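Here are the chains, one letter per residue:
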Amino acid sequence: MRNSRYILALAPCALTLALIHALPAQAAEGDPRFTLRLGAMNIDTDNTIRGSTTVAGQDINLSEDFSLGGKEWEPRVDGLFRISDRQRLIFDYFKYDKDRRETLDEGVSWGDTTVPAGSFVKGELKYQVATLVYDYSVVDGDRFDLGLQLGAEYAKISADAYADVGDVYQGRFLNEKADGIAPVVGARLSFTPSEHWLINLQGQYLNTSWGNFDDYKGDLSRANAIVQYNVNKNFGIFAGYDWFKLDVDQKGSDGVIGLKQEFKGPVAGVSLSF
């Protein structure tokens, strides 16, 4: 079963490579063959942990929002390789790495229990997404372009938390890691109102059941928009907005735990074309 999931996930990439060899590799006249965008995203996050279990015959459900603190600048890379007028490969990479520490300034006591000053809880969250899709322009006009996408997406998330609260507790209480690859579908709208301007809108979606995310069930969605000004045929600058949402549940013998995370914020950077 695991091998069949890998085959399913890699099939879009194999199809893309076959198309590269089977079709004439001619870019649209006057358009660059390769474009690379290097930039950063000022990320704000919304995080929710939810769970359900049964204790002594009673159903218990929880849903808790938590914050990782302020916004964070993280690298963002995307680009395209133009195969022909209507065909292109589009790739992108997104990373988020955030840690937070909360320290108790004054000791707290109740009964015979004392939590000393300096006790702390710290946590770290890492999140990565890399995507490669084949994009075919079903509408290919002079100023407007509509593309449909099929490809593969890799996602990895890890969460780690450690606490030191004196004699009450010392040690790691959370150490979760998950990664996998799955087919992804998407769509793109591109507008070129003039020689120097480009407006690009894009959305993508995958379901974890399509790939090999073990016992995690849910989906990952993404949407972004950029406006790019081309200073010349080789160099441009861009700005826009990016949004990701991860919503998954993991079912175990003692219940279900779920995680919903949204990453959103403005993006900006430079564009290199050849």
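Placed above this text is the structure.
Conventions and cut-offs
- Residues numbered from 1 in each chain as written.
- Predicted model: local features only at pLDDT ≥ 70, side-chain atom pairs only at ≥ 80, totals over all residues.
- Heavy atoms only, no water.
- Helix = DSSP H or I, 4+ residues; strand = E, 2+ residues; numbered from the N terminus.
- Buried < 20%, exposed > 50% of the residue type's maximum accessible area, 1.4 Å probe, protein only.
- Contact = heavy atoms within 4.5 Å.
- Areas by Shrake-Rupley, 256 points an atom, 1.4 Å probe, with all protein chains shown as cover.
- Phe/Tyr/Trp six-rings, centres within 6.5 Å; stacked < 30°, edge-to-face > 60°.

A. Inspection of the overall build of the protein at higher detail. Helix and strand content of the protein: one helix and 13 strands. For the protein, the sequential pattern of α-helices and β-strands runs α-β-β-β-β-β-β-β-β-β-β-β-β-β. When the 274 residues of the protein are sorted by exposure, 36% land in the buried category. If you take every contact in the protein between residues at least 6 apart in sequence, the share linking residues at least 24 apart comes to 66%. When the accessible area of the protein is evaluated, it comes to approximately 15000 Å², of which 57% is carbon and sulfur surface.

B. Focus on the environment of Ala 178. By the element assignment, Ala 178 lies in strand 9 (residues 170-191). Sequence spacing of Ala 178 and Ile 157 is 21 residues, and the spatial spacing of their C-alpha atoms is 5.5 Å. Once residues within four sequence positions are removed from consideration, Ala 178 is found in contact with Ala 155, Lys 156, Ile 157 and Tyr 216.

C. Quick peek at the packing of aromatic side chains. Scanning all chains against the criterion turns up nine aromatic pairs. The interplanar angle of 10° and the centroid separation of 4.5 Å between the aromatic rings of Tyr 127 and Phe 263 together place this pair among those described as stacked. With a gap of 136 residues between them, Tyr 127 in strand 7 (residues 120-140) and Phe 263 in strand 13 (residues 255-273) connect regions that are remote in the sequence. On the basis of relative accessible area, Tyr 127 is assigned to the buried category, the value being 1%. Residue classification places Phe 263 among the buried positions, given a relative accessible area of 0%. One aromatic cluster is present, built from ring pairs that chain together Phe 94, Tyr 96, Tyr 127, Phe 244 and Phe 263.

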